[in-house]
Amino acid sequence: MYAMYFVAVGSLAALLFAASMFAKVKKQPEGNSEMIRISTAVREGANAYLKRQYKGIGIFFAVMFVILLVMAFSGLLGFFTPFAFLTGGFFSGLSGFIGMRTATMANCRTAEGASHSLNRGLKVAFSAGSVMGFTVVGLGLLDITIWYTILNVVFGSLPEAERIAQVTTNMLTFGMGASSMALFARVGGGIFTKAADVGADLVGKVEAGIPEDDPRNPAVIADNVGDNVGDVAGMGADLYESYVGSILSTFALAVAAGLGVKGVAVPMLLAAMGVIFSIIGTFFVSTKEDASQKSLLQALRKGTNISAVLIIIAAFVAVKILLPDNMGVYAAIISGLIAGVLIGALTEYYTSDSYKPTQNLAASSETGSATVIISGLSLGMLSTVAPVIIVGISVLVSYFCAGGASDFNLGLYGVGVSAVGMLSTLGITLATDAYGPIADNAGGIAEMTHMPHEVRERTDALDSLGNTTAATGKGFAIGSAALTALALIASYIDKVRQIAPDFQMDLTITNPPVLIGLFIGGMLPFLFAALTMDAVGKAAQSIVVEVRRQFKSIPGLMEGKGQPDYAACVDMCTKSAQSLMIAPALIAVIVPVVVGLILGVNGVAGLLAGNTVTGFVLAIMMANSGGAWDNAKKYIESGSHGGKGSDCHKAAVVGDTVGDPFKDTSGPAINILIKLTTMVSIVFAGVVVTFHIL
């Protein structure tokens, strides 16, 4: 199939571009010896964490591989699923590792670039972020190309309709590996980064009254390590899973809708064209010296908007060639793109300090930390309204334009392809997201090495922008998760019908298993958020105690004469993250299987619906509250409401501390929870159909 050759070209182009960006960043000057020393310490800490994390995850993957292999030999699963599970997890983890490797190399180079100009600092950080963005899409398309080619050869003797059905059914299940790796990476990295961040802020800023990233703070290196293992490595694995999951679910829906090979080709071409246009968009990102936050944001948006316009034009041609009798599919693609842009714009409105919501949140600090927290929670809750409406409209438009009024499966295909449309320009979208933690690390290096004040001002401007783009990226990922989850739920129902054609599903809300499943699914994101928030709290407590101990026991530390024990905090965060991530991560795997065995496939369908609805809303609320609290703090630090060290600033720091696990641990991991539970349900559908009680 010619489309697959184009996908292979897109994969190669993405990986080559990522390699060229890596080489470009590596050529930039690293700065003085002190900057190199700190950067090396951060890199070594991040590598040590990932090494320990991958060992733990390796045990989970080994156990799951054996379970899936037993199921395959028992006829409950396709033979290739256990092996595809491993490759999905491997490429997801590799995406995060490469991104983290680049970020830890780029932090000192970004600080050095910012010492010359704002634009130079932006260019270095954005180029490093591009490595992450294009590695994710390149490896995602590579994984799809490999398995599509292998399965086409294996089932090559079958007629085309049967062959493509077998290929897509087998490919759908390997998303479970990517989702599992993403959840562990997001949760473990999120616990590490926020435990270090909260511990450093509470003792350093609030109690000791020293600046952020002050070298006297024993948790400062752990905080910088956390930016990389959570916001870079975890995020890379997360968005790899979102990207691949949306494409695979649309494959299965294309077959169910009777669109065959041409229907499968559409999401492939969208993804491949998105790579090319994302590369083009990166060349339009630049800014002027002393640019405002709005100007910096416009610089990044210029690249993403150009990519989006190009994909809109190209998508018309692709649909016209492949599905000329169903041009409504093009409207579904545009619907997904527009929904993604609107959700990003709304997230920006609610979290950027250029707009009233975050400015008003900063003003609430005048009456103390309690009102900051109340106002931030209110802001997050209010921010869920518009995205829910946007996704609802997008689903309706996608469903009916694709032909849902006459054919239910065609409508679902429209919903699936709209999710692919939303993520088609992920290469550049993720680049604008990944650059934020790099700028944050650069600011830390500038502070710790006592670089001139204007350098820290430039890195703070880039960091504040990074908070907004990160929040936008999370909203983007959460929105795509909702559309992808809906497509996956449809794929689950279709999978059950393939396994048991005579089984009559009763999905009415009055059916007790469905209703119970809805309640359990609605509760699941809250249980998951509670466990991850509690994990951050416990890990942060140990860091607070350790930082206080060092301030008291190390002679001359507060005067800058003593040397803090940075390694102790890094090691404590690593151990805490590894032990505390297990329970929340296993929930997504265990709960859908247990519910299925008790309540049957109807109960699982209810579980998936409740989990998707509640998870979508809760994830948006947590991500936007956290992003707004963070930028409200930075807005005050820029000179508003008394500036740094004022009572307003201390109140805002407390709000930011509460928001840290909201936006960087629980919130972004919930969207993976939504998809992983669905993937697990699809993989274990044969077991549930065979052994359920009700």
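On a predicted model such as this, the values are computed, not experimentally measured, just so you know.

A. Main features of the overall build of the protein chain. Scanning the protein chain from terminus to terminus reveals 21 helices and 0 strands. Over its C-alpha atoms the protein chain spans a radius of gyration of 24 Å, differing by no more than 12% from the 26 Å that the globule rule assigns to 694 residues. With respect to the principal axes defined by its C-alpha atoms, the protein chain has extents near 75 × 50 × 40 Å. Summarising the internal contacts of the protein chain: among those between residues at least 6 apart in sequence, 84% fall at separations of at least 24. Roughly 22,900 Å² of accessible area belongs to the protein chain as shown, and the carbon and sulfur atoms make up 66% of that amount. Across the protein chain, the centroid of the 41 positively charged side chains sits 4 Å from that of the 46 negatively charged ones.

B. Up close: the UniProt feature "site: Determinant of potassium dependence" (unreviewed entry) in the protein chain. In the numbering used here, UniProt assigns the "site: Determinant of potassium dependence" (unreviewed entry) feature to Ala470. Locating Ala470 in the fold gives a position in helix 16 (residues 453-499).

C. Geometry of helix 7 (residues 220-256). Between its first and last C-alpha atoms helix 7 spans 53 Å; for 37 residues at 1.5 Å apiece the expected length is 54 Å, and the two agree. A bend of about 30 degrees at Met235 is the largest found in helix 7. Of all 37 residues in helix 7, 35 are buried; the element is thus mostly enclosed. Immediately downstream of helix 7, the backbone of Gly258 shows phi near 80 degrees, a positive value.

D. View of the pattern of salt bridges. On inspection of all chains with the given rule, the structure shows 20 salt bridges. Between Glu34 and Arg37 there is a salt bridge whose closest N-O contact spans 2.6 Å. Taken together, the residues Glu34 and Arg37, both in helix 2 (residues 33-73) and 3 residues apart, mark about one turn of the helix. With a shortest N-O distance of 2.9 Å, Asp214 and Arg216 are connected by a salt bridge.

E. Quick peek at empty space enclosed by the protein. Counting across every chain of the model gives 5 cavities of 30 Å³ or more. Estimates place the volume of the second largest cavity at around 60 Å³. For the second largest cavity, the full set of lining residues is Ala200, Asp201, Gly204, Lys205, Pro211, Glu212, Asp213, Asp214, Asn217, Val220 and Asp223. Every element with two or more residues in the lining of the second largest cavity is listed here: helix 6 (175-208) and helix 7.

F. Highlighting the nonpolar core. In terms of nonpolar packing, the biggest core is built from 229 residues, with Met171, Tyr413 and Phe684 touching the most fellow members. Considering every element that reaches this core, the biggest residue donor is helix 7, with 19 residues. Once residues lying within four places of it in the same chain are set aside, the contact partners of Met171 are Ile144, Trp147, Tyr148, Leu151, Leu248 and Phe251. Counting residues in each nonpolar core, the second largest holds 6 residues, with Leu524, Val595, Leu599 and Leu607 among its members.

G. Structural view of the confidence of the model for the protein chain. With 98% of its residues at a pLDDT of 70 or more, the protein chain shows a mean pLDDT of 89. Within the protein chain, helix 12 (residues 369-382) carries the highest mean pLDDT (96), whereas helix 16 carries the lowest (80).

H. Layout of the state of the cysteines. In the structure shown here, the tally under the stated rule is 0 disulfides. For the unlinked cysteine Cys573, the closest cysteine sulfur is that of Cys569, found at 6.7 Å.

I. Molecular detail of unusual backbone geometry. Not every positive phi belongs to a glycine, and His450 is a case in point at roughly 55 degrees. Considering the arrangement of structural elements, one finds His450 in the loop between helix 15 (426-448) and helix 16. Accessibility expressed as a relative area gives 66% for His450, which makes it exposed. If you check the backbone angles, His641 has positive phi at about 55 degrees while not being a glycine.

J. Spotlight on the environment of Tyr330. Within the fold, Tyr330 resides in helix 10 (residues 328-351). As a C-alpha pair, Tyr330 and Val317 span 13 residues in sequence and 9.3 Å in three-dimensional space. If we skip the residues at most four places from it in the chain, Tyr330 touches Ile312, Ala315, Phe316 and Val319.

K. Region of interest: the packing of helix 2 against helix 15. Running from N to C, helix 2 and helix 15 point in directions that differ by 135 degrees, and their axes come no closer than 10 Å. The angle between helix 2 and helix 15 falls in the class oblique. Judged by the twist between their axes, the crossing of helix 2 over helix 15 is right-handed. Residues Met35, Ile38, Ser39 and Val42 of helix 2 form the contact with helix 15, whose participating residues are Asn441, Ile445 and Met448. Counted by class, the contact of helix 2 with helix 15 contains 5 nonpolar, 2 polar and no charged residues.

L. Broad picture of the packing of aromatic side chains. On inspection of all chains with the given rule, the structure shows 19 aromatic pairs. Centroid distance Phe61 to Phe85: 4.7 Å. Interplanar angle 25 degrees. Geometry classified as stacked. One end of the pair, Phe61, is in helix 2; the other, Phe85, is in helix 3 (residues 81-114), with 24 residues separating them in the sequence. This pair shows no difference in class: Phe61 is buried, exactly as Phe85 is. Ring centres of Tyr349 and Tyr355 lie 5.6 Å apart, and the angle between their planes is 55 degrees; this geometry places the pair in the tilted category. Take Tyr349: its relative accessible area is 35%, and that puts it in the partly exposed class. What makes Tyr355 partly exposed here is its relative accessible area of 23%. Feature note: the residues Phe65, Phe73, Phe79, Phe80, Phe83, Trp147 and Phe155 constitute an aromatic cluster, connected by ring pairs.

M. Just helix 8 (residues 260-282), in detail. In this model helix 8 runs 35 Å from its N-terminal to its C-terminal C-alpha over 23 residues, within 8% of the 33 Å that 1.5 Å per residue would give. Within helix 8, 20 of the 23 residues are buried, which leaves it mostly tucked inside the rest of the structure.

N. Here's a closer look at the side chain of Asp440. With respect to the helices and strands, Asp440 occurs in helix 15. Among buried charged residues, Asp440 stands out as having no salt bridge; its nearest opposite-charge side chain is Arg456, 5.7 Å away. Leaving out residues up to four positions away in the same chain, Asp440 has contacts with Asn224, Asp227 and Asp463.

Thresholds, definitions, all that
- Residues numbered from 1 in each chain as written.
- Predicted model: local features only at pLDDT ≥ 70, side-chain atom pairs only at ≥ 80, totals over all residues.
- Heavy atoms only, no water.
- Helix = DSSP H or I, 4+ residues; strand = E, 2+ residues; numbered from the N terminus.
- Rg over C-alpha atoms; globule rule 2.2 N^0.38 Å.
- Contact = heavy atoms within 4.5 Å.
- Areas by Shrake-Rupley, 256 points an atom, 1.4 Å probe, with all protein chains shown as cover.
- Lys, Arg positive; Asp, Glu negative; His and termini not counted.
- Charge placed at Lys NZ, Arg CZ, Asp CG, Glu CD.
- UniProt positions renumbered as here; feature names shortened; annotations may be inferred.
- Expected span 1.5 Å × (residues − 1).
- Bend = angle between axes of the 7 residues up to and from the residue.
- Buried < 20%, exposed > 50% of the residue type's maximum accessible area, 1.4 Å probe, protein only.
- Salt bridge = Lys/Arg side-chain N within 4 Å of Asp/Glu carboxyl O.
- 1 Å grid on protein atoms, 1.4 Å probe; cavity = no way out; pocket = protein on both sides within 12 Å on 5 of 7 lines; lining within 4 Å.
- Points joined across faces, edges and corners; volume = space filled by probe spheres on them.
- Core = buried A, V, L, I, M, F, W, Y, C linked by side-chain atoms within 4.5 Å.
- pLDDT = per-residue confidence, 0-100.
- Disulfide = S-S within 2.5 Å.
- Axes fitted to C-alpha atoms, helices over the stretch in contact; angles between N-to-C directions.
- Parallel < 35°, antiparallel > 145°, perpendicular 65-115°, else oblique.
- Left-handed = near helix turned anticlockwise from the far one by under 90°.
- Nonpolar A, V, L, I, M, F, W, Y, C, P; charged D, E, K, R; others polar.
- Phe/Tyr/Trp six-rings, centres within 6.5 Å; stacked < 30°, edge-to-face > 60°.

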